[in-house]
Amino acid sequence: QVQLVESGGGLVQAGGSLRLSCAASGRTLSTYIMGWFRQAPGKEREFVAGMTWSGSSTRYADSVKGRFTISRDNAKNTVYLQMNSLKPEDTAAYYCGADKFYWYRPNYWGQGTQVTVSS
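Counting from 1, residues in each chain are numbered in the order their sequence is written. The predicted nature of this model means local features are confined to residues of pLDDT at least 70 and side-chain atom pairs, given and counted, to a pLDDT of 80 or more, with totals for whole chains, interfaces and linings taken over all residues. Here the side-chain values reflect all heavy atoms present in the structure, with hydrogen atoms and water set aside.

## Looking at the overall build of the protein
Comment: elements are numbered from the N terminus, with helices defined as DSSP H or I runs of at least four residues and strands as E runs of at least two. Tallying secondary structure elements over the protein gives zero helices and eleven strands in all. When its helices and strands are written in sequence order, the protein yields β-β-β-β-β-β-β-β-β-β-β. Rg of the C-alpha trace for the protein: 13 Å, near the compact-globule value of 14 Å for 119 residues, within the 12% margin. When its C-alpha atoms are laid out on the principal axes, the protein stretches across 40 × 25 × 25 Å. A 1.4 Å probe rolled over the protein chains alone gives each residue an accessible area, and that area as a share of the maximum for its type sets the label: buried under 20%, exposed over 50%, partly exposed in between. Relative to its full complement of 119 residues, the protein shows a buried share of 45%. What makes two residues a contact is simply this: any of their non-hydrogen atoms within 4.5 Å. In the protein, the proportion of contacts linking residues at least 24 apart, taken out of those at least 6 apart, comes to 55%. Accessible surface computed for the protein: about 6,100 Å², of which carbon and sulfur atoms make up 46%. Values of the radius of gyration come from C-alpha atoms, whereas the globule rule sets the reference at 2.2 Å times the count of residues to the power 0.38. Residue burial considers only the protein chains on display, and all accessible areas are found by Shrake-Rupley using a 1.4 Å probe.

In structure tokens form, the structure reads like this:
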């Protein structure tokens, strides 16, 4: 089992920044793919960014490329999502996910953290 706990969401003005954290515990995560997803009201959950725990590979949705950065701290077993130049359309609940094989269909999910960007 893998437990994931997100934090760092909040209310920010357009153009501002936030950093989300995902604290992971449970199994050894060195072989896992970690991802951030988001779900806006009335929309399906979508992939935002992902990385192998080793850091050898990262992926981003086109809508966030150049604005968001995924990273991790091995010592803290934590994955981050640095979000810059936020837009109102980034408003959503953000979820952390983990899986051994799949980038876009993680087996483990956190509870989510809300990000609201005001215009």
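## A word on the packing of aromatic side chains
Here a Phe, Tyr or Trp ring, Trp counted by its six-membered ring, pairs with any other such ring whose centre lies within 6.5 Å, and the pair is stacked when the planes are under 30 degrees apart, edge-to-face when over 60, and tilted otherwise. Summed over the entire model, instances satisfying the criterion amount to five aromatic pairs. Seen from their ring centres, phenylalanine 37 and tryptophan 109 are 4.9 Å apart, and the 65 degrees between their planes marks the pair as edge-to-face. Residue phenylalanine 37 is located in strand S4 (residues 33-39), and its partner tryptophan 109 is located in strand S10 (residues 108-109); the two are separated by 72 residues in the primary sequence. Connected via pairs of aromatic rings, a cluster forms that spans Phe37, Phe47, Tyr95, Tyr104 and Trp109.

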